[in-house]
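Coordinate inspection notes
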Amino acid sequence: MAKELKELTSRSDNYSQWYNDLVIKADLAENSAVRGCMVIKPYGYAIWEKIQAELDRMFKETGHVNAYFPMFIPKSFLSKEAEHVDGFAKECAVVTHHRLKNSPDGKGLIVDPDAKLEEELIVRPTSETIIWSTYKGWIQSYRDLPILCNQWANVVRWEMRTRLFLRTTEFLWQEGHTAHATEAEALEETKKMLEVYADFAERFMAVPVIKGVKTANERFAGALDTFCIEALMQDGKALQAGTSHFLGQNFAKAFDVTFMDKNNKLDHVWASSWGVSTRLIGALIMTHSDDNGLVLPPSLAPFQVVIVPIYKNEEQLALISEKVAEIVTKLKALGISVKFDNNDNKKPGWKFAEYELKGVPVRLAMGARDLENGTVEIARRDTLTKETVSLENIEIHINELLKEIQKNIFQKAFDHRASVTREVNSYDDFKVEIEKGGFLLCHWDGTPATEELIKEETKATIRCIPLEGDKTPGVCMVTGKPSVQRVVFARAY
RNA sequence: CGGGAUGUAGCUCAGCCCGGUUUAGAGUGCACGUCUGGGGGGCGUGAGGUCGCAGGUUCGAAUCCUGUUAUCCCGACCA
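In short, a report on the structure. Model, not experiment: these values are computed from the prediction. (Residues numbered from 1 in each chain as written. Chains lettered and ligands numbered in written order. Predicted model: local features only at pLDDT ≥ 70, side-chain atom pairs only at ≥ 80, totals over all residues. Heavy atoms only, no water.)

**Here's the deal with the environment of Ala153**
- The residue Ala153 is located in strand S9 (residues 147–156) in this model.
- Sequence spacing of Ala153 and Gln240 is 87 residues, and the spatial spacing of their C-alpha atoms is 19 Å.
- Apart from the residues lying within four places of it in its own chain, the contact partners of Ala153 are Tyr68, Arg124, Phe171, Leu172, Trp173 and Glu175. (Helix = DSSP H or I, 4+ residues; strand = E, 2+ residues; numbered from the N terminus. Contact = heavy atoms within 4.5 Å.)

**Observations regarding the nonpolar core**
- With 75 residues, the main nonpolar core has Phe165, Ile285, Phe430 and Phe489 as its most contacted residues.
- Setting aside residues up to four positions removed in sequence, Phe489 forms contacts with Phe430, Gly438, Phe439, Leu440, Cys442, Trp444, Ile454, Thr461, Ile462, Arg463 and Met477.
- Counting 28 residues, the second largest nonpolar core, distinct from the first, contains Ile73, Ile130, Trp132 and Leu145. (Core = buried A, V, L, I, M, F, W, Y, C linked by side-chain atoms within 4.5 Å. Buried < 20%, exposed > 50% of the residue type's maximum accessible area, 1.4 Å probe, protein only.)

**A word on the protein's contact with RNA strand B**
- In the neighbourhood of RNA strand B, 41 residues make up the surrounding shell, with Arg161, Arg167, Arg279, Trp350 and Asp370 lying closest.
- Here Lys347 contributes a side-chain N or O atom positioned 2.6 Å from a base nitrogen of RNA strand B.
- The separation between a base nitrogen of RNA strand B and a polar side-chain atom of Asp370 is 2.4 Å.
- Breaking the surface near RNA strand B down by element, the ones donating at least two residues are helix H1 (15–25), helix H10 (348–357), strand S19 (362–367) and helix H11 (368–373).
- Here the element with the most residues in the surface near RNA strand B is H10; it accounts for seven residues.
- Looking at the surface near RNA strand B residue by residue, the classes come out as 11 nonpolar, eight polar and 22 charged. (Near = heavy atom within 4 Å. Polar contact = N/O pair within 3.5 Å; in protein donor to acceptor, adjacent residues only side chain to side chain. Nonpolar A, V, L, I, M, F, W, Y, C, P; charged D, E, K, R; others polar.)

**A closer look at unusual backbone geometry**
- Residue Leu145 is joined to Pro146 through a cis peptide bond whose omega torsion reads -5 degrees.
- Structurally, Pro146 is set in the loop between helix H5 (128–138) and S9.
- A positive phi angle is found at Asn264, which is not glycine, with a value near 60 degrees.
- Structurally, Asn264 can be placed in the loop between strand S14 (258–260) and strand S15 (266–268).
- On the basis of relative accessible area, Asn264 is assigned to the exposed category, the value being 59%.

**A closer look at helix H6 (residues 183–203)**
- Compared with the 30 Å implied by 1.5 Å per residue over 21 residues, the 30 Å span of H6 between its first and last C-alpha is a close match.
- Within H6, the full set of buried residues consists of Ala186, Glu189, Thr190, Met193, Leu194, Val196, Tyr197, Ala198, Phe200 and Ala201. (Expected span 1.5 Å × (residues − 1).)

**Some remarks on the packing of aromatic side chains**
- Scanning all chains against the criterion turns up 20 aromatic pairs.
- Ring geometry for Phe171 against Trp173: centres 5.8 Å apart, planes inclined by 90 degrees, an arrangement best described as edge-to-face. Considered together, Phe171 and Trp173 belong to a single accessibility category, that of buried residues.
- Put simply, the rings of Trp48, Phe59, Trp152, Tyr197 and Trp274 pair up and form one aromatic cluster. (Phe/Tyr/Trp six-rings, centres within 6.5 Å; stacked < 30°, edge-to-face > 60°.)

**Details of the pattern of salt bridges**
- The tally for this structure, following the rule as stated, stands at 28 salt bridges.
- Put simply, Arg57 and Glu61 hold a salt bridge, and the shortest N to O gap is 2.7 Å. Placement of both Arg57 and Glu61 in helix H2 (residues 42–61) is noted, with a separation of four residues, approximately one turn of the helix.
- With relative accessibility at 36%, the residue Arg57 sits in the partly exposed group.
- Residue class for Glu61 comes out exposed when judged on its relative accessible area of 59%.
- When the shortest N-O distance is used, the salt bridge between Glu230 and Lys214 registers 2.8 Å. With Glu230 in strand S12 (residues 225–232) and Lys214 in the loop between strand S11 (209–213) and S12, this residue pair connects regions lying 16 residues apart in the sequence. The two residues Glu230 and Lys214 agree in class, both being buried.
- Here the salt bridges do not stand alone but share partners, grouping Lys214, Glu218, Glu230 and Arg463 into one network. (Salt bridge = Lys/Arg side-chain N within 4 Å of Asp/Glu carboxyl O.)

**Thoughts on the sheet that holds S11**
- Sheet architecture is open: 11 strands sit in the order S3-S9-S10-S16-S13-S12-S11-S24-S27-S23-S22, paired in mixed fashion. Looking along the sheet, the strands with just one partner apiece sit at the ends: strand S3 (65–66) and strand S22 (421–423).
- Inspection of the sheet shows S11 paired to strand S24 (residues 461–466) by two bridges, in the antiparallel sense. Residue pairing for S24: Gly212 is matched across the bridge by Pro466.
- Its contacts with the sheet place helix H8 (residues 279–288) against S12, strand S13 (238–248) and strand S16 (270–277), and it is angled at close to 145 degrees to S13. (Pairing = 2+ DSSP bridges. Axes fitted to C-alpha atoms, helices over the stretch in contact; angles between N-to-C directions.)

**So, the sheet that holds strand S8 (residues 116–123)**
- Taken in spatial order, the three strands line up as S4-S8-S5 in an open sheet, and their pairing is antiparallel. The two strands at the open ends of the sheet, each matched to only one other strand, are strand S4 (72–74) and strand S5 (94–97). Neighbour to neighbour, the strand axes of the sheet diverge by 40 degrees on average, direction disregarded.
- Strand direction decides the pairing type here: S5 and S8, joined by three bridges, are antiparallel. Bridge pairing links His97 to Lys116 in S8.

What follows is the structure, given as structure tokens:
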């Protein structure tokens, strides 16, 4: 494996560069031949698979089923919901033809003008429109409701500027699209999925999040309300980690999806949609990792334990392998994923550095010395500490250690967030404080105009109106008008 | 779409200002051999390049000029 750049840019030196370096060097992804699109490499994809597996389980547990809809959307569909088209029109990839032919001058291929599509197709930036046009055929009665579908898919948004995982032209995500008979039920669904996301973020990603609702400015195009989970990165910038939208009857009206209710009355269907994307991997990286590389939560690490043998010859390796096999069996019995790296092409020192860079939570090293003493060296990634322990009940020790690492990195992220979250009461203070990063809890008069002004002057946005916590009213830090509660400001990715 | 930068070996880059001792280099990676092995190891040998592309200037261009194309970084826009 080629690792030319041995040294990572430090976070304090250049956080942005550190992130870019880390994604490449930890072998998570790389830029592709297609501008703005990334290749997710096996190690990075393995993390995505872990994320998928857990979320998929959680979705099914909450009554959802998977389905798949086309990646192409007839152009006319997109324009049916007025706000929706406004939100996405500027970043759509458009299919206009369906055939190529040899260039008359003999050089390469050209688009065959005879193969022009009657109606252009949009590569989905999100699937509300194609799904709601489909749901129209599925729904006649309240007995057909609710519909609780999720799809795992790729989407395309033609962004001007991209960054690996955080914003790519094409990205992988899941999008849930649900249809309900009542407003209350759709709203309940929206909130339920927000809880699922928050639970996943905190328990599996070890990323503490604030649950909240977006302001009108930040709302999803076509939604009545957008709920979100907001995370805080180590550099003090916020990252939206997931959204759950209450769509009201907007899409049902746009696509004329009606149903007969229990009283034989025709009504439009109520909707929610919700999604998280490969951006979560970006959140994972920027929350936990350090200047030595990636730090992965045990719950999502492609493998939780790596074992490195240290030997002088084949005989020693054979003896070590035998001992290691016992440990592997015990670990696997506890559901712990483990990799024994007996690759002879790399030296132990190289492997240590490599697995540190890749964020493997626990590393074991076993050599002749350990064989003699019945011990093994355990190194934990989060604290970079090492200890030599007895092999007796080693699997129990490691199991506990993994739990502790999971807890520790969450706590570390939680403490960091707490340390850079503060209440600010005057706009003058705000302008100073926002430069330092972090979440600022401030009173705001609830108007888009004030929000816009703050954004223009400070580049800070309202990340969300938090659902939990202090609800004391006050006065807007800018206009002095009444404020219902403090809202969360930050500069964001 | 504005601003900045860069295309030279698989990768990271030097050489370019000031054209000719450069037969185009280094590090790293790769192949083979060997000594090694508790934190990216040492020695030796070897393979690997139309210097992004197209023109131009010149006796001579990686180097100067023009055009073109691609990518990266920083902003504005967005998950």
